Amino acid sequence: MLQKSEAIVIRTMDYGETNKIVTLFTREAGKIALFARGAKKTRSRLSSVTQLFTYGHYLYFLGKGMGTLRQGESIDTFRGLQSDLFRTAYASYIAELLDKLSEDRVPNPFLFELLLQTLHYMDEEIDPEVLTFIFETKMLNVAGISPELESCMNCKRTQGPFVFSVREGGLLCGQCKAIDPHYFRLSEAALKLLRLFLHMDLKRLGKVSLKPETKRELKTVLSAYYEEYSGLKLKSKRFLDQLENIERN
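Residues numbered from 1 in each chain as written. Predicted model: local features only at pLDDT ≥ 70, side-chain atom pairs only at ≥ 80, totals over all residues. Heavy atoms only, no water.

Give me the lowdown on the overall build of the protein, citing residues and values where you can.
The number of helices and strands found in the protein is seven helices and eight strands. Its C-alpha atoms give the protein a radius of gyration of 20 Å, near enough to 18 Å, the size a compact globule of 249 residues would have. Dimensions of the protein, computed from C-alpha atoms along their principal axes, come out at roughly 65 × 40 × 35 Å. For the protein, the residues scored as buried account for 49% of the 249 residues in total. When the accessible surface of the protein is totalled, it reaches about 13,100 Å², and 49% of it is carbon and sulfur. Between the averaged position of the 36 positive side-chain charges in the protein and that of its 31 negative side-chain charges there is a distance of 4 Å. (Helix = DSSP H or I, 4+ residues; strand = E, 2+ residues; numbered from the N terminus. Rg over C-alpha atoms; globule rule 2.2 N^0.38 Å. Buried < 20%, exposed > 50% of the residue type's maximum accessible area, 1.4 Å probe, protein only. Areas by Shrake-Rupley, 256 points an atom, 1.4 Å probe, with all protein chains shown as cover. Lys, Arg positive; Asp, Glu negative; His and termini not counted. Charge placed at Lys NZ, Arg CZ, Asp CG, Glu CD.)

I'd like to hear about the state of the cysteines, residue by residue, with values.
This model, assessed by the stated rule, comprises zero disulfides. You can see Cys152 has no disulfide; the closest cysteine sulfur is in Cys155, sitting 3.7 Å from it. Cys173 forms no disulfide, and the closest cysteine sulfur to it belongs to Cys176, at a distance of 3.6 Å. Exposure remark for Cys173: the relative accessible area of 2% places this residue in the buried category. (Disulfide = S-S within 2.5 Å.)

Kindly report on the pairing of strand E1 (residues 2-15), identifying the contributing residues and their values.
For E1 and strand E4 (residues 55-61), the ladder comprises seven bridges, and the chain directions are antiparallel. Along E4, the bridge assignment pairs Lys4 with Leu59. From the end of E1 to the start of strand E2 (residues 19-26), which pair antiparallel, there are three residues, and Gly16 there has a positive phi angle of about 75°. (Pairing = 2+ DSSP bridges.)

Give a detailed account of the sheet that holds strand E8 (residues 184-185), specifying residues and quantitative values.
Within the open sheet, the three strands sit side by side as E7-E6-E8. Their pairing is antiparallel. Looking at the sheet topology across the chains shown, the edges are occupied by strand E7 (170-173) and E8. Summarising the sheet, strand E6 (residues 162-165) and E8 pair through two bridges and their orientation is antiparallel. Each bridged residue has a counterpart across the sheet, and for Val163 the counterpart in E8 is Arg185.

So what's going on with the environment of Phe133? Which residues, and what values?
You can see Phe133 is positioned in helix H4 (residues 128-142). Using a relative accessible area of 4% as the deciding quantity, one classes Phe133 as buried. Along the backbone, Phe133 and Tyr121 are twelve residues apart, and their C-alpha atoms lie at a distance of 13 Å. The residues contacting Phe133, other than those within four sequence positions of it, are Phe197, Lys215, Leu218, Lys219 and Leu222. (Contact = heavy atoms within 4.5 Å.)

I'd like a rundown of the packing of H4 against helix H5 (residues 188-199), residues and numbers included.
Two elements in contact, H4 and H5, have axes whose closest approach is 8 Å; the angle formed by their N-to-C orientations is 65°. Taken as axis vectors, H4 and H5 run roughly perpendicular relative to one another. Considering only the axes of H4 and H5, their crossing is right-handed. Contacts between H4 and H5 involve Val130, Phe133, Ile134, Thr137, Lys138 and Asn141 from the former and Leu194, Phe197, Leu198 and His199 from the latter. A breakdown of the residues in the contact of H4 with H5 according to their chemical character gives six nonpolar, three polar and one charged. (Axes fitted to C-alpha atoms, helices over the stretch in contact; angles between N-to-C directions. Parallel < 35°, antiparallel > 145°, perpendicular 65-115°, else oblique. Left-handed = near helix turned anticlockwise from the far one by under 90°. Nonpolar A, V, L, I, M, F, W, Y, C, P; charged D, E, K, R; others polar.)

Below, the structure is given as structure tokens:
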């Protein structure tokens, strides 16, 4: 069946000398993998529209097996984002995270909008690290592994102060923190941000400015939580961590 979708390219893979397999995240059909014949050829009409992060309208044939990409029309290539190594690295990570945590051919307009808005903000030079924290937090909910951020995991107390326990899957109050000797101390600011990131509408994001220490808290907790519950080992994450270490040093 021939279909048309609004979509973003989230992964590409060379297939033979001239072809590609392109993974699109579409508004209408969710994630789909398509065979793009001749897309590696410079003069191919599919060459430009099968580049990573390209946002456009795509016409494709979808059957029981892998679909076939027929044509595409670009809306945006996020050129500003792709001109900067760090922003490209953050965008590559969120695209791979989305790819690994989403199911094939399951429509999810929320995820499409989340990805599109995040790429737009990165293209506009809004802090890509903060945008990645927001994306990671929302994807925990999508993956069904979201932590408890409102009350103590053990006694259900809603009054803090709290610490964060990866092992217990959320917050522990002062009386219960001994349950996990490897808990993370989390500032009130970092906890408020995690709660905000989980529920906020990304389109309403205003000016973003976080202290370096708050960023470190969020990165440490989110990285540890993903490592414990997602089982993901992403190449883009390793590369991003290497870039961040180089920048710090």
